[in-house]
Amino acid sequence: MRSDGSALSLRRWLRSAGFAWAGIKHTYRTQANFRIEVGAAVVASALALALHAPLAPILLCCALVLSLELVNTAVEAIVDHATSDFHELARIAKDAAAAAVLVASIGALLVGLVVLGPPLLKLVGLWR
Ligand SMILES: Nc1ncnc2c1ncn2[C@@H]1O[C@H](COP(=O)(O)OP(=O)(O)OP(=O)(O)O)[C@@H](O)[C@H]1O
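Reading the values: rules and limits
- Residues numbered from 1 in each chain as written.
- Predicted model: local features only at pLDDT ≥ 70, side-chain atom pairs only at ≥ 80, totals over all residues.
- UniProt positions renumbered as here; feature names shortened; annotations may be inferred.
- Helix = DSSP H or I, 4+ residues; strand = E, 2+ residues; numbered from the N terminus.
- Core = buried A, V, L, I, M, F, W, Y, C linked by C-beta atoms within 7 Å.
- Buried ≥ 20, exposed ≤ 12 C-beta atoms within 10 Å, placed from the backbone.
- Contact = placed C-beta atoms within 7 Å.
- Near = placed C-beta within 6 Å.
- Nonpolar A, V, L, I, M, F, W, Y, C, P; charged D, E, K, R; others polar.
- Domains from an automatic or database assignment.
- Expected span 1.5 Å × (residues − 1).

**Focus: the UniProt feature "transmembrane region" (unreviewed entry) in the chain**
Following the UniProt record, one finds the feature "transmembrane region" (unreviewed entry) at residues 38-66 and 96-121. Within the segment residues 38-66, helix and strand shares are 83% and 0% respectively, and the terminal C-alpha atoms sit 7 Å apart. Along residues 96-121 one finds 100% helix and 0% strand; the C-alpha atoms at either end are 36 Å apart.

**With respect to the nonpolar core**
Most often, soluble globular proteins have nonpolar side chains that are buried together. Counting residues in each nonpolar core, the largest one holds twelve residues, listed as A44, A48, I58, C61, C62, V65, L66, L68, V101, A108, V115 and L116. Elements supplying a minimum of two residues to this core: α2 (32-50), α3 (56-82) and α4 (88-123). Looking at this core, the element that brings in the most residues is α3, giving six residues. Setting aside its immediate chain neighbours within four residues, L68 contacts A100, V101 and A104.

**So, the site of the ligand**
The local shell around the ligand consists of Q31, E76, T83, F86, H87, A90, R91, K94, D95 and A98. Ranked by the residues each element gives to the shell around the ligand, the list is headed by α4, at five residues. In the shell around the ligand, the residues fall into three nonpolar, three polar and four charged.

**Let's talk about the domain arrangement of the chain**
When the domains of the chain are assigned, the result is domain 1 (1-30) and domain 2 (33-123). Spacing between the C-alpha centres of domain 1 and domain 2 amounts to 24 Å. Facing the four residues of domain 1 at the interface are six residues of domain 2.

**With respect to unusual backbone geometry**
Located in the positive-phi region is H52, a residue other than glycine, with phi close to 55°. Here H52 shows up in the loop between α2 and α3.

**Thoughts on α3**
Between its first and last C-alpha atoms α3 spans 39 Å; for 27 residues at 1.5 Å apiece the expected length is 39 Å, and the two agree. All of the buried residues in α3 are I58, C61, C62, V65, L66, L68, E69, N72 and T73.

Written as structure tokens, this is what we have:
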């Protein structure tokens with residue numbers, strides 16, 4: 001009985017994960033910014049590994065920026081579905097969602113500079 005329940009929960013979880021993966025694939029296909037952010041995440045993570053810098057803050061920042069880009073894509077889709085007319089509330093929703101990505105990206109850039117900057121400067125001999 002209990003194992004049946006666990007199997008059902010796992011199947012539900014896998015089904016939800018499938019929908020989520022479809023959302024990631026759609027965003028990657030349609031949003032150039034998301035592709036750039038994925039590329040930046042790969043480069044920053046590889047640099048952290050190569051320079052033996054802390055990986056956790058880099059991964060956390062990448063997850064935050066990519067998640068907010070996914071939410072931004074969702075907001076754009078909902079707004080476009082709701083109206084094709086120009087509307088002040090539609091503008092506010094899209095601008096605020098885009099601003100969330102911008103704020104997270106600036107934060108991620110600053111964290112990247114703080115975490116990766118010193119080991120990079122040491123590597124090129126500009127930091128003792
Ligand atoms: N229906 C609308 N009503 C009012 N303003 C809108 C509407 N649709 C878009 N805008 C304005 O135009 C801006 C750009 O909208 P758009 O949907 O092109 O977003 P985008 O960030 O360029 O999307 P994408 O990344 O998919 O190209 C919005 O941030 C908003 O200011």
